[in-house]
Every structure is written in C-alpha cells, then in structure tokens.
Amino acid sequence: MEGPATSSGALPPDTNDTDDLTMEPSDDLGLGPEVPGGTEHPLEHDYDVSNDAQLLRQAWINESLTPEVLMYREDLVDRIRSLIARQEKIVEDYEQDHNQALTRAIRFAEVSRIKFCLRSYLRKRLSKIEAYAIHIYMNEELSSKLSPQELEFAKDYIDAVNRLFKDSILSRLPKDYNDLLHQSMESEAPDMIPEPSLDRHVFVRVLDDLGDIPIDDQNTTFRLQEGDIFAIRYRLIRDFVDSGRVELV
C-alpha cells in the first residue's frame, strides 16, 4: 500500500520541472508606501500590495510544481498588472528628483521582481499549454481553466502543429495512418494525445484540516491536518490545490 510520506520541512523543488524557481523571489516581495528616505506619492493608497505579491508568488510555485494546468488567477493577475502600472508611474515621476533617488531605486528593484514573478507564472502556464494543448482543448474542465487569450493560443498552437505535421509527414503516410490523433483509423478513441501524469508525487503544505482522504482503491484513508507537509500523489489532492486548502512547496 502506498501512502503519503511525511516531512518536517519543504525539500528543494525538482529543477527539471521548475527551472524558473532558481530565481525565486524573496518572502518579503511587495511594495508599500513606506520606503526609506521617501515620501508618499499621490498614487499611493492604503492597499496592502504585499499580500497580492505573496499570492502571485504562491500561484507561480503551484503552477510550476503541478503536472496539469491550474485555474487562471484572473483577478490576481489584473490587480498585479494595475500595481505594476502604478509603481512604474511613481518610479518615472521620481526620475528627475535626486532627493528620491533611494526611493526610486528600491521601488524599481521591487517592481522588477514582481514583473519577473508574473512573467514566470504566465510562461509556466504557456509551457503546459504547449505540452498538452490538444488534451486541454478537448477537455471542457481543463479548457475552462484558461484565460480567453490562453484558449486562443491553444487553438492557434494546435492548428499550427496540425499544419506542420500534415505538410511534412502525415500527407506522405497511408490514409489509415495520416491522422494526428489516432495511431490508425482502427482506433475509435484518440490514442496519440499526450496527457500529464496525475500520479506524480508532489510536496504539499496543508493549510486547512482536510480530515481523512482516500489514498488507494481499498478505501484506505490518511488524515491531513493543518500545518502538515507531505509527499503525496498529486491526483489525491488536486481538488484542494485550486480551492487553496493546500499549497505546493
């Protein structure tokens, strides 16, 4: 019987799957109105940007460590983009004010880090869409997790790949073997569509008491409590990732 492996702390992520995480932002990623040597800019307000920066960072980590594409965080991405636009305007306004040189440098560095995190999050999603474009596009549940732009990208990518294979290979094969989705015309269901492995193990931190969850076909259960860290098959906790009840580490 296979069960989750407990751990007292998070292990380093597999660099083969998370190349972007080698430049992971620091835990204090975020901008606030109080910057050493600076004064409050008219564009500043009471909104705590550090919370959204942390949410973006965790969304990036979750996306990097899960085998399948997750729900697109539209509201969060929109807020982050608005934040970046405001902070870039502040940096621009401080450009000619030598008294704000330190403030400008700190804000510029922090904005750059948030932009890097956002780009990495979006790039990771696109890499998954490219790897499993047909699988995602043909699955209503998965395609609903994409943004409209990502869905359009997936469609265009599939069309481009289909044209490439037809022009270079499939058009030269016998009729029964010139389909992109089937090994032969005898195959009733598409059997040449790459799919992510949902049984891959991931490290998760439990954020909420989840009670007993089944871990095999023999009705064996395992209790997940708040604060626990486990190595567990992704399939068993996939529903808890998008709901925010667990996070990957």
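So, a few notes on the structure that sits alongside this text. (Residues numbered from 1 in each chain as written. Predicted model: local features only at pLDDT ≥ 70, side-chain atom pairs only at ≥ 80, totals over all residues. Heavy atoms only, no water.)

1. As for the nonpolar core
Note the following rule: Joining through side-chain atoms within 4.5 Å is the link that ties buried Ala, Val, Leu, Ile, Met, Phe, Trp, Tyr and Cys residues into a set, and such a set is a nonpolar core. Exposed residues in this analysis have more than 50% of their type's maximum accessible area, buried residues have under 20%, and partly exposed residues fall in between, with area computed by a 1.4 Å probe over protein chains only. Secondary structure elements are defined from DSSP: runs of H or I of at least 4 residues count as helices, runs of E of at least 2 residues count as strands, and each element is numbered from the N terminus. For this analysis, residues touch if any pair of their heavy atoms sits within 4.5 Å.
Counting residues in each nonpolar core, the largest one holds 19 residues, and the members touching the most others are Val-204, Ile-213, Leu-224, Tyr-234, Ile-237 and Val-241. Where this core is concerned, the elements lending two or more residues are helix 1 (49–65), strand 2 (201–206), strand 5 (229–233), helix 7 (234–242) and strand 6 (246–248). For this core, the leading source of residues is helix 7, giving 4 residues. In contact with Val-241, other than residues within four places in its own chain, are Asn-62, Thr-66, Leu-70, Tyr-234, Val-246 and Leu-248. By size, the runner-up hydrophobic cluster in this structure holds 16 residues, among which are Ala-53, Val-77, Phe-116 and Tyr-121.

2. Examining the packing of helix 2 (residues 74–93) against helix 3 (residues 101–131)
Applied cut-off: Angular values range over 0 to 180 degrees, each being the angle between N-to-C directions of two axes fitted as lines to C-alpha atoms, with helices fitted over their stretch in contact. For this classification, under 35 degrees means roughly parallel, over 145 means roughly antiparallel, 65 to 115 means roughly perpendicular, and everything else is oblique. By definition, any crossing whose near helix is turned counterclockwise from its far helix by less than a right angle is left-handed, and any crossing with a clockwise turn is right-handed. Each residue is assigned to one of three groups, with Ala, Val, Leu, Ile, Met, Phe, Trp, Tyr, Cys and Pro labelled nonpolar, Asp, Glu, Lys and Arg labelled charged, and all others, Gly among them, labelled polar.
Two elements in contact, helix 2 and helix 3, have axes whose closest approach is 10 Å; the angle formed by their N-to-C orientations is 155 degrees. Here helix 3 runs roughly antiparallel to helix 2, going by the angle between their axes. In the packing of helix 2 onto helix 3, the handedness of the crossing is left-handed. Contact residues: helix 2 offers Val-77, Ile-80, Arg-81, Leu-83, Ile-84, Gln-87, Glu-88, Ile-90 and Val-91, while helix 3 offers Arg-104, Arg-107, Phe-108, Val-111, Ile-114, Lys-115, Leu-118, Tyr-121 and Leu-122. In terms of residue class, the contact of helix 2 with helix 3 is built from 12 nonpolar, 1 polar and 5 charged.

3. Examining the packing of helix 3 against helix 6 (residues 148–168)
As a packed pair, helix 3 and helix 6 sit with axes 10 Å apart at the nearest point and diverge in direction by 35 degrees. Two packed elements cross with a definite hand, and for helix 3 against helix 6 that hand is right-handed. Along the contact surface, helix 3 presents Arg-125, Leu-126, Ile-129 and Glu-130, while helix 6 presents Glu-150, Phe-153, Ala-154 and Tyr-157.

4. Here we look at unusual backbone geometry
In this structure, Asn-219 takes a positive phi of about 60 degrees despite not being glycine. The topology assignment puts Asn-219 in the loop between strand 3 (211–214) and strand 4 (221–224). Residue Asn-219 is classed as exposed on the basis of its relative accessible area of 68%.

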